[in-house]
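# Secondary and tertiary structure notes
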Amino acid sequence: MSKKRGALSTEEMQFIRDNIQGMSIDLIAASLNRTQKPIERFITDNNLSFDPAENKTDEVLRIKLHAKTFWQEIERQFSEDTGELSYFENTWIGLVKQFREDVLPAEELQIKQYITIDILINRSMKERKRHIQETERLQREVDSIYSQPESQRDAPRLANLETQLNFARNSIASYTNEYTKLLSEQQKIGKDLKATREQRIKRIEDGKSSWVGLIRMLEDELIREKEGKEMTILEMATRKAKEKLSENHQYEDGVVDQPFLTPESVFHNE
């Protein structure tokens, strides 16, 4: 069947507005029997890609986070002045949204540990940068003294600067090692968290062959959402097919009739 051409109708525009947050552009295009170009243009021209409910969702997740038993400890560990507390909140919200808000208590603790290590990594890298800058400053001072004639050099000051320079260099190496260890721990937690979720998904996949398995499968929000979209598309396709078959059709022998004859279609065409 060829794709429809021309400007979008009022009904098509409203369909796009109603489904932009729940359907992908290719599904919308297929439902309207259109190419993606005019739909993408309409979405861009009308700023429909912005989800006004996004901020509300973030705020709800923030409130839920503050109600957790471990939140008071988080407030004691991180300061708002340094931005670490806000960083924890925003990263938490992002990860929970990534998991479709389907997070068990044990997974919440893993996410908490993951973000905590991430903050410690940030601290370590900031200190490493500070010591690198300090090393460069001290090296310039040492070079400046060495550029003077030996008889004019301030030996005590030079010795002090070289001591500070060695300390700064050792600190850089120390923070680099700390970063490596923290990163390893973070990656381990990330793998454990992924493994836990994969085990849950595998349990769902293994149970698809039975009615109980089907119920378990639908407990997963992502699968539930996907099935809901497919049912909606099938319902729309069925309705359109009924409407088309309910219209008068002229057969090759000249007889005009309705392929799909029901009381509703008869009364609709009278």
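Heads up: the structure comes first, above all this text.
Okay, so let's go over this structure. Counting restarts for each chain, with residues numbered from 1 along the sequence as it is written. Predicted model: local features are reported for residues with pLDDT of at least 70 only, side-chain atom pairs are reported and counted for 80 or more only, and whole-chain, interface and lining totals are derived from all residues. With hydrogens and water excluded, all non-hydrogen atoms of the structure serve as input to the side-chain values.

### Topic: the overall build of the chain
- Of regular secondary structure, the chain possesses eleven helices and two strands.
- Going from N to C terminus, the chain has its helices and strands arranged as α-α-α-α-α-α-α-α-α-α-β-β-α.
- Only protein chains enter the accessibility calculation, which uses a 1.4 Å probe. A residue is then buried if its area is under 20% of the maximum for its type, exposed if over 50%, and partly exposed in between. In the chain, buried positions account for 29% of the 270 residues.
- In the chain, 55% of the contacts between residues at least 6 apart in sequence involve partners at least 24 apart. Secondary structure elements follow DSSP: runs of H or I no shorter than four residues count as helices, runs of E no shorter than two count as strands, and numbering proceeds from the N terminus. The contact criterion used is simple: two residues touch if any of their non-hydrogen atoms lie within 4.5 Å.

### Section: the packing of aromatic side chains
- The criterion for an aromatic pair is that two Phe, Tyr or Trp rings (for Trp, the six-membered ring) have centres within 6.5 Å, with stacked assigned to planes under 30 degrees apart, edge-to-face to planes over 60 apart and tilted to the rest. One pass over the full model with this rule turns up four aromatic pairs.
- Connected via pairs of aromatic rings, a cluster forms that spans F70, W71, F78, F88 and W92.

### What about helix α1 (residues 10-19)?
- Among all positions in α1, only E12, F15, I16 and N19 are buried. In an axial view of α1, the angular spread of the buried residues amounts to 100 degrees, which keeps them on one side of the axis. For α1, the exposed residues set more than 90 degrees away from the buried face come down to T10 and D18. By construction, the arc corresponds to the directions joining the helix axis to the C-beta atoms.

### Considerations on the pattern of salt bridges
- The salt bridge definition used is simple: a Lys or Arg side-chain nitrogen within 4 Å of an Asp or Glu carboxyl oxygen. According to the stated counting rule, one finds nine salt bridges in the structure shown.
- Put simply, R130 and E127 hold a salt bridge, and the shortest N to O gap is 2.9 Å. Of this pair, R130 and E127 both sit in helix α7 (residues 105-146), separated by three residues, roughly a single helical turn.
- A relative accessible area of 45% places R130 in the partly exposed class.

Interpretation in functional terms is not warranted from these geometric data alone.
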